[in-house]
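# Observations on the model geometry
Letter by letter, the chains look like this.
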Amino acid sequence: MESITINISNTKLAEKVTWLLEHFKNDGLEIVSKEDWDDLKLLKLTRVDESVPFDEYLKNED
């Protein structure tokens, strides 16, 4: 998959570009905001963390 980041400082232009890109969704285009992408990357990092049983978590709460 190819990824492209577009930075637009003008709100009206950003709306126009988003409108244009929306027309390509049926062709497989996925539009993700930079903020959402950053959140997804952080969430992915947590998948490799070891899980701690809730009882153990409560024991070490302090």
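Refer to the structure printed above.
Residues numbered from 1 in each chain as written. Predicted model: local features only at pLDDT ≥ 70, side-chain atom pairs only at ≥ 80, totals over all residues. Heavy atoms only, no water.

### A closer look at the overall build of the protein
Check the secondary structure of the protein and you find 3 helices and 0 strands. Counting from the amino terminus, the protein carries its helices and strands in the arrangement α-α-α. Rg of the C-alpha trace for the protein: 19 Å, well past the compact-globule value of 11 Å for 62 residues, more than 25% over. With the C-alpha coordinates of the protein rotated into their principal frame, the extents come out at 55 × 25 × 15 Å. Each of the 62 residues in the protein was classed as buried or not, and the buried ones make up 0%. Of the roughly 6,600 Å² of accessible surface on the protein, a fraction of 54% belongs to carbon and sulfur atoms. Distance between charge centroids for the protein: 8 Å, based on 8 positive and 15 negative side chains. (Helix = DSSP H or I, 4+ residues; strand = E, 2+ residues; numbered from the N terminus. Rg over C-alpha atoms; globule rule 2.2 N^0.38 Å. Buried < 20%, exposed > 50% of the residue type's maximum accessible area, 1.4 Å probe, protein only. Areas by Shrake-Rupley, 256 points an atom, 1.4 Å probe, with all protein chains shown as cover. Lys, Arg positive; Asp, Glu negative; His and termini not counted. Charge placed at Lys NZ, Arg CZ, Asp CG, Glu CD.)

### What to know about the pattern of salt bridges
Applying the stated rule across the entire model yields 1 salt bridge. Among the salt bridges present, the one from lysine 25 reaches glutamate 22, with a minimum N-O distance of 3.2 Å. (Salt bridge = Lys/Arg side-chain N within 4 Å of Asp/Glu carboxyl O.)

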